[in-house]
Amino acid sequence: LAPIRELLPTGLPKISVNEKNIDNLFLLEDGTYAIVDYESAFKKLNKIKYLNYIARVMEKYYEEENFNLRLIVIYTGDVQSAEPVYETGCFTLRMEQAFLSHIDGETAFQNISQKLQSGVPLEDDDLMKHVILPLTMPGVEGKQKMLEKVVDLAEQVTDRKQQIFILSGVIVASDKFINREYLEQIRRRINLTQLGQMYEKEKIEYGNQKVRKMAKSMLEEGIDLVKIMKITGLTEDELLRLQDEAVTV
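Let me begin by describing the structure that accompanies this report. Please read all numbers here as calculations on a predicted model, not as lab measurements.

Moving on, we get to the nonpolar core. Ranked by size, the top nonpolar core spans 32 residues in total, and within it L133, L147, I166 and I186 carry the most contacts. Sorting the residues of this core by element identifies β2 (33-39), α2 (105-118), α3 (124-132), α4 (140-154), α5 (160-174) and α6 (180-220) as the ones contributing at least two each. Here the element with the most residues in this core is α4; it accounts for 6 residues. Other than its neighbours up to four places away in sequence, I186 contacts L147, V151, L167, V170 and I171. By size, the runner-up hydrophobic cluster in this structure holds 16 residues, among which are I54, L71, V73 and V79.

Here it is as structure tokens:
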């Protein structure tokens, strides 16, 4: 060892209160924990941040049997490559890396757009690409422009569950990199979509109740079943059930 220059205090400070939270922490099927972090730049200081993340997770879960932890870093379109390993005398930090710069965002966007225009159902892979497309672009402006295109394209998705999945996924994936005000607009759009679905469902249910009420009145007046079926659109079985309900009451 080299000569000692200074004896430093061992009472090290705790993690500061303004330390950023882990982007995502997953428990995988095999029992492995996975820290997933999104980055738009490769910085050596990020390794300190990752070590803090690892320490927090280990402090909480390390006593579990067969504890295993993976660190996955997803880089946006701003980063082409990065060192996956950091070694020092007392530890080796290994990062599993994914580079969204390797995805041709414009081509992927056009492929999804063509599918929607042709009426071809979107598969799970299409939905996930749709979600991460803004992050494949370099620069804040590039991400913002692609995000706006993705949101507009999502409006063409007829499956409401898929549409909400895309919009919600975009908010989660792009939260660190995109204009906050625009993300709030997307959140409001999701809420309006969900409220619209609830309204349509209630409207249909209200209409059905009115039809059944009218059919009951016609049954009480002794009008022919065939005529009631033509007027209300109800089937014979539905009318017979309404008759049974009236008798029961």
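Now that the structure has been shown, the text picks up again.
The space that makes up the second largest pocket amounts to roughly 160 Å³. Forming the walls of the second largest pocket are N24, F26, Y38, M128, V131, I132, F165, S168, G169, V172 and A173. Among the elements of the structure, β1 (24-27), α3 and α5 are those that each provide at least two residues to the lining of the second largest pocket. Split into classes, the residues belonging to the lining of the second largest pocket amount to 8 nonpolar, 3 polar and no charged.

Let us now look at the packing of α4 against α5. It is the contact of α4 with α5, at a shortest axis distance of 9 Å, that shows an interaxial angle of 165°. It follows from the interaxial angle that α4 and α5 lie roughly antiparallel. Viewed along their axes, α4 and α5 form a crossing whose handedness is left-handed. Where α4 abuts α5, its residues L147, V150, V151 and A154 lie against Q163, I166, L167, V170 and S174. Residue composition of the contact of α4 with α5, by class: 7 nonpolar, 2 polar and no charged.

Turning our attention to the side chain of S101. Summarising the element assignment, S101 is placed in the loop between β6 (96-99) and α2. Look past the residues within four positions of S101 in its chain and what remains in contact with it is Y75, T76, G77, V79 and Q80.

Glancing now at the packing of aromatic side chains. Throughout the structure, instances matching the rule amount to 6 aromatic pairs. Their ring planes at 50° and their centres at 6.5 Å tell us that Y50 and Y53 sit as a pair that is tilted. Of this pair, Y50 and Y53 both sit in helix α1 (residues 46-61), 3 residues apart, which is roughly one turn of that helix. In this pair, the class of Y50 matches that of Y53, namely buried. For the ring pair Y75 and F99, a centre distance of 5.2 Å and an interplane angle of 10° mean the geometry is stacked. Taken together, the residues Y75 in strand β3 (residues 69-75) and F99 in strand β6 connect sequence positions 24 residues apart. Assessed through its relative accessible area of 15%, F99 is described here as buried. A network of ring pairs unites the aromatic residues Y33, Y61, Y62 and F67 as a single cluster. Of note, K149 hangs over the ring of F109, and the distance from its end group to the ring centre comes to 4.6 Å.

With that out of the way, let us pick up α5. Because an α-helix packs 3.6 residues into every turn, residues spaced three or four apart end up facing the same way. Along its 15 residues, α5 runs 21 Å from first to last C-alpha, staying within 8% of the 21 Å computed at 1.5 Å per residue. All buried positions along α5 are accounted for by Q162, Q163, I164, I166, L167, G169, V170, I171, A173 and S174. The N-terminus of α5 is capped by D159, whose side-chain oxygen sits 3.0 Å from the backbone nitrogen of K161.

Our next topic: the pairing of β3. Where β2 lies against β3, 7 bridges are found, and the strand directions are parallel. Following the sheet pairing, D37 is matched in β3 by V73. Pairing between β3 and β6: 4 bridges, direction parallel. Looking across to β6, one finds that Y75 is bridged to F99.

In this section: the sheet that holds β6. Spatial strand order, β1-β2-β3-β6: 4 strands in an open sheet with mixed pairing. Edge positions in the open sheet fall to β1 and β6, since each of these has one partner strand only. The mean inter-strand angle of the sheet, taken between neighbouring strand axes irrespective of direction, is 20°. Seen against the sheet, α1 touches β1, β2 and β3 and runs at an angle of roughly 155° to β2.

Criteria and cut-off values
All chains use their own residue numbering, which begins from 1 and follows the written sequence. Local features in this predicted model are restricted to residues of pLDDT 70 or higher, and side-chain atom pairs are both shown and tallied only at a pLDDT of 80 or more, whereas totals for entire chains, interfaces and linings draw on every residue. Only hydrogens and water are set aside when side-chain values are computed; all heavy atoms of the structure are taken into account. Side-chain atoms within 4.5 Å are what join buried Ala, Val, Leu, Ile, Met, Phe, Trp, Tyr and Cys residues into a set we call a nonpolar core. Only protein chains enter the accessibility calculation, which uses a 1.4 Å probe. A residue is then buried if its area is under 20% of the maximum for its type, exposed if over 50%, and partly exposed in between. Segments assigned H or I by DSSP are reported as helices when at least four residues long, segments assigned E as strands when at least two residues long, and all are numbered from the N terminus. Here, two residues are considered to be in contact whenever any of their heavy atoms come within 4.5 Å of each other. Grid spacing is 1 Å over the protein atoms alone, the probe is 1.4 Å, and a cavity is where that probe fits but cannot get out, while a pocket is an open set with protein on both sides within 12 Å along at least five of seven lines and lining residues have an atom within 4 Å of a point. Grid points are joined across faces, edges and corners, and a volume is the space filled by probe spheres set on the points. Just so you know the grouping, Ala, Val, Leu, Ile, Met, Phe, Trp, Tyr, Cys and Pro go in nonpolar, Asp, Glu, Lys and Arg go in charged, and all remaining residues, Gly too, go in polar. Fitted lines through C-alpha atoms give the axes, limited to the stretch in contact for helices. The angle between two N-to-C directions lies from 0 to 180 degrees. The labels follow the angle: roughly parallel below 35 degrees, roughly antiparallel above 145, roughly perpendicular from 65 to 115, and oblique for the rest. Crossings are assigned a handedness: left-handed for a near helix turned anticlockwise from the far helix by less than a right angle, right-handed for a clockwise turn. Put simply, two rings from Phe, Tyr or Trp (the six-membered ring, in Trp's case) pair if the centres are within 6.5 Å, and we call them stacked under 30 degrees between planes, edge-to-face over 60, tilted for the rest. Consider the ring centre and the ring normal. A charge sits over the ring if Lys NZ or Arg CZ is within 6 Å of that centre and within 35 degrees of that normal. By definition here, a helix of n residues has an expected span of 1.5 Å times n minus one. Two N or O atoms form a polar contact when they lie within 3.5 Å of each other; inside protein one atom must be a possible hydrogen donor and the other a possible acceptor, and for residues adjacent in sequence the pair counts only when both atoms belong to side chains. Paired strands are those between which DSSP finds at least two bridges.

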